[in-house]
Amino acid sequence: MPDIDTYLRSHAGRFEDELCELLRIPSVGVDLECRRHMHRAAAWLAEQLRPLGLATETIATDGHPLVYAESPKVPGAPTALIYGHYDVQPADPLDLWISPPFDPTRRDGNIYARGATDDKGQVFTHIKSVEAWMNAEGGLPVNVKFIIEGEEEVGSRSLEKFIGEHADRLACDCVVVSDGAQFGPNRPAITYGLRGIAYCELRLQGPNRDLHSGSFGGSITNPANALASVLAGLVDRRGKIQVPGFYDDVVPITNRERKQFAALKFDEEEYFEQLGVDGAVGEQGYTTLQRRWARPTYDINGLSSGYQGEGAKTVLPATATAKFSFRLVPNQDPEKITAGLRARLAELCPTGIEIELVEQYGSPGVLVPLDSPYIAAAARAIEYAFSTPPVYIREGASIPIVAAFHETLKADTLLLGWGQNDDNTHSPNEKFSLADFHRGIKASARLWRELSDIRK
Ligand code: BES
Ligand code: MN
Ligand code: MN
C-alpha cells in the first residue's frame with residue numbers, strides 16, 4: 001500500500017505530537033475532580049474523528065461520555081467496530097514518576113505518560129489509520145464504527161447499557177480492540193482469551209469505637225485480626241480458592257492448549273528476575289503461563305485498618321476493610337462466584353464482627369474462536385507491519401465489555417494489543433514504544449485492506 005505507507009511516514013511526527021495532546025488531559029475516571037477532563041478527552045477524540053468525514057457524536061451517560069463515530073457506507077464491505085477507552089488509572093504514587101504522568105515525554109524510543117499504552121496510545125493507532133485512508137485514498141475500503149468509552153477501568157457499566165439499548169447501531173461483523181500487549185518485543189500477538197473478574201469490597205465492623213489495645217485486647221475480636229484470618233481463609237496452601245462451587249464451571253486446560261503454551265518458550269527465570277522476586281507460587285500443578293491465562297485466581301487489591309501514620313499507636317481498631325478480586329476463566333459466572341463467597345464469609349465470620357460485602361463489578365472471561373476469516377485477516381495485517389507473523393496468546397487481565405460484544409452483538413473480537421508487558425500499565429512510568437505505536441498504525445491500516453477482501 002505505497003500511498004498509505006508514504007502518508008504514515010510523512011505524518012509520523014505529527015501523530016506523536018497529537019497523541020501527546022491527548023495524554024496531557026488527566027482523564028482519571030475514578031477521580032471526581034477529573035469530571036471535566038473526561039468531557040475534554042471525549043470532545044478531543046470527537047474532534048479527531050469528525051474532520052475525517054465520520055458522523056461523530058459524544059453521547060452523555062449516567063457516568064462518563066461515550067464517543068461514537070461512523071464512516072460513510074461502503075456497500076457490500078464488512079463492518080468493523082473499533083473499541084477503546086480514554087479513561088486512565090490514577091497516577092499515584094506520584095513521586096515514583098521520572099517525568100510527570102500528564103506531561104508526556106519522549107525518551108529512549110518510548111513515550112512516557114499515564115494512558116500512553118492503556119489505552120489512549122493504542123486506540124489512537126486506529127484513528128490515525130483511518131485518517132491515512134481518508135487522506136491518501138479518499139476513503140476506506142470497509143465500514144468502521146468507533147465506540148470509545150470512559151469507564152473501562154471501572155467495569156464499563158454505561159457502555160453495557162448503551163449496547164443493550166442500541167445493538168442495532170453497533171451492528172458489525174467483527175470488533176477490533178487494541179488494549180493489550182504483544183507476547184514480547186518483536187513478538188506481536190493475537191490474544192484469543194481474556195479472564196473475567198469479580199471485584200469486591202469487604203467491611204468488618206467490630207466494637208462501636210476504637211479502643212486501647214492493652215486494656216481491651218484479647219477480650220473481643222479485633223477487626224484487623226479478623227480481616228487477616230477471613231482473607232486467608234479464602235485460599236488454601238495448595239493455592240485452591242476456598243469458595244463453595246468456585247471451580248464447578250471451570251473448563252480444564254486441554255492437552256492441545258498445554259502444548260501451545262509450552263511452544264511459546266516462555267522464559268520463567270527472566271520473568272521472575274524482571275519482577276524482582278525469587279520464584280514461582282500459585283495453584284499447584286500449573287505452569288506460570290497457565291496460572292496467569294487459564295486458571296482463576298484471588299488477589300487482595302487494598303487493605304486498611306488501624307493506625308497508618310508515623311511511629312506506633314496501640315489501638316484496637318473498630319473497623320477493617322479490604323478490596324479484593326477474583327480473576328475468572330471463561331464459563332465461570334461472576335454472580336455465582338459472589339453468591340458462593342457470601343456463604344463462605346458467613347462461615348468464616350468470627351464472634352463480635354459484622355461483615356458487609358459490596359460487589360463492585362463483575363464480568364465473565366472470554367475465548368475468541370481462532371478459525372475465522374477475520375482472525376486470518378488480522379494475522380496478515382500484523383505480519384505486514386511487524387515483518388513477523390503473530391503468536392496466539394491468552395491474557396490474564398480483563399476488558400469487561402468484550403463479553404457483551406460476543407453476547408449482545410454476536411460479533412467476535414480481534415484483540416490486537418500493540419503494547420509490551422513491561423509498559424507499566426496501572427503503575428508509575430507507564431510508557432508505549434514509539435516503534436510499536438507506528439507499527440500499530442501500519443497494521444491497522446493494512447487490516448482495513450485485508451478485511452475488505454472478505455465479501456459479505
Ligand atoms: N487494558 C487493560 C487490560 C489488559 C491489560 C489487557 C494487559 C491485556 C493486557 C484494561 O484497561 C484493564 O486494566 N482492565 C481492568 C478491568 C477491570 C478494572 C474491570 C483489569 O483487568 O484490571
Ligand atoms: Mn485498557
Ligand atoms: Mn487498564
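For the structure, check the block above.
Residues numbered from 1 in each chain as written. Chains lettered and ligands numbered in written order. Predicted model: local features only at pLDDT ≥ 70, side-chain atom pairs only at ≥ 80, totals over all residues. Heavy atoms only, no water.

## Observations regarding the coordination of the manganese ion (ligand 2)
The protein atoms that coordinate the manganese ion (ligand 2) are His85 (NE2), Asp118 (OD), Asp179 (OD) and Asp179 (OD), at distances spanning 2.0 to 2.4 Å. Donor residues for the manganese ion (ligand 2), ordered by position in the chain, follow H-x32-D-x60-D. Between the manganese ion (ligand 2) and the manganese ion (ligand 3) the interatomic distance comes to 3.6 Å, and Asp118 is a ligand of both metals. In this pair, His85 sits in strand β3 (residues 79-85) while Asp179 sits in the loop between β7 (174-177) and β8 (189-194), placing the two residues 94 residues apart along the sequence. Across the pair, Asp179 and His85 agree in class, each one buried. (Donors = N, O, S within 2.8 Å, 3.2 Å for Na, K, Ca; no water. Helix = DSSP H or I, 4+ residues; strand = E, 2+ residues; numbered from the N terminus. Buried < 20%, exposed > 50% of the residue type's maximum accessible area, 1.4 Å probe, protein only.)

## Section: the sheet that holds strand β4 (residues 105-107)
The strand order β4-β5-β18 describes an open sheet built from 3 strands, whose pairing is antiparallel. At either end of the open sheet lies a strand with only one pairing partner, and these are β4 and β18 (431-433). The sheet shows a mean angle of 25° between the axes of neighbouring strands, taken without regard to direction. Sheet strands in contact with helix α14 (residues 434-452) are β4, β5 (110-112) and β18, and its direction is about 60° off that of β18. (Pairing = 2+ DSSP bridges. Axes fitted to C-alpha atoms, helices over the stretch in contact; angles between N-to-C directions. Contact = heavy atoms within 4.5 Å.)

## Observations concerning the site of ligand 1
Around ligand 1 sit 14 residues in total, of which Glu152, Asp179, Arg327, Ser398 and His426 are the nearest. Measuring from an oxygen atom of ligand 1, one finds a side-chain N or O atom of Asp118 at 3.0 Å. In the environment of ligand 1, an oxygen atom lies 2.8 Å from a nitrogen or oxygen atom belonging to the side chain of His426. Protein coverage of the free-state accessible area of ligand 1, which is 520 Å², stands at 89%. Residue composition of the shell around ligand 1, by class: 4 nonpolar, 4 polar and 6 charged. (Near = heavy atom within 4 Å. Polar contact = N/O pair within 3.5 Å; in protein donor to acceptor, adjacent residues only side chain to side chain. Areas by Shrake-Rupley, 256 points an atom, 1.4 Å probe, with all protein chains shown as cover. Nonpolar A, V, L, I, M, F, W, Y, C, P; charged D, E, K, R; others polar.)

## Concerning the nonpolar core
Ranked by size, the top nonpolar core spans 101 residues in total, and within it Phe146, Leu447, Trp448 and Leu451 carry the most contacts. The leading source of residues in this core is helix α12 (residues 373-386), at 9 residues. Leu447 has contacts with Val176, Ala377, Ala378, Ala381, Leu414 and Leu416, leaving out every residue within four places of it along the chain. Judged by nonpolar contacts, the second largest core, of 23 residues, contains Cys200, Ala226, Phe324 and Ile353. (Core = buried A, V, L, I, M, F, W, Y, C linked by side-chain atoms within 4.5 Å.)

## Overview of unusual backbone geometry
Residues other than glycine predominantly adopt negative phi, and peptide bonds predominantly adopt the trans conformation. Along the chain, Asp92 connects to Pro93 via a cis peptide bond; the corresponding omega equals 0°. As for its placement among the helices and strands, Pro93 is situated in the loop between β3 and β4. Cis geometry marks the peptide bond from Asp118 to Asp119, where omega comes out at 0°. One non-glycine residue, Ser156, lies in the positive phi region at around 60°. By secondary structure assignment, the location of Ser156 is in the loop between β6 (143-149) and α5 (157-165). With relative accessibility at 1%, the residue Ser156 sits in the buried group.

## What about the coordination of the manganese ion (ligand 3)?
Note on the manganese ion (ligand 3): its protein donors are Asp118 (OD), Glu153 (OE), Glu153 (OE) and His426 (NE2). The metal-donor distances range over 2.0 to 2.6 Å. For the manganese ion (ligand 3), the 6 donor atoms in the first shell make angles of 55 to 156° at the metal, so the coordination geometry reads as irregular. Mapped onto the sequence, the donors of the manganese ion (ligand 3) take the spacing D-x34-E-x272-H. A residue is classified by how much of its surface remains accessible, and Asp118, at 10% relative accessible area, is buried. When its relative accessible area of 44% is taken as the criterion, His426 is described as partly exposed. (Tetrahedral: all angles 85-135°; square planar, octahedral: opposite > 155°, others 65-115°.)

## Concerning the packing of aromatic side chains
The final tally for this structure, using the stated rule, is 16 aromatic pairs. Ring centres of Tyr83 and Phe405 lie 5.5 Å apart, and the angle between their planes is 70°; on these two criteria the pair is classed as edge-to-face. Residue Tyr83 is located in strand β3, and its partner Phe405 is located in helix α13 (residues 402-407); the two are separated by 322 residues in the primary sequence. In this pair, the class of Tyr83 matches that of Phe405, namely buried. With a centroid separation of 5.2 Å and 70° between ring planes, the pair formed by Tyr271 and Phe272 is classed as edge-to-face. Pairwise contacts between aromatic rings join Phe183, Phe261, Phe266, Tyr271, Phe272 and Trp293 into one cluster. (Phe/Tyr/Trp six-rings, centres within 6.5 Å; stacked < 30°, edge-to-face > 60°.)

## Let's talk about the pattern of salt bridges
Using the criterion set out here, one finds 26 salt bridges in the structure. The salt bridge involving Glu356 is made with Arg203; its shortest N-O contact spans 3.8 Å. Here the residue Glu356 occupies a position in strand β14 (residues 354-363), and Arg203 occupies one in strand β9 (residues 196-205), the gap between them amounting to 153 residues. On the accessibility criterion, Glu356 (40% relative accessible area) is partly exposed. The shortest N-O distance in the salt bridge between Lys336 and Asp249 comes to 2.8 Å. Here Lys336 is found in helix α11 (residues 334-348), whereas its partner Asp249 is found in the loop between α7 (223-232) and α8 (255-263), with 87 residues between them in sequence. A relative accessible area of 47% places Lys336 in the partly exposed class. You can call Asp249 partly exposed: its relative accessible area is 23%. (Salt bridge = Lys/Arg side-chain N within 4 Å of Asp/Glu carboxyl O.)

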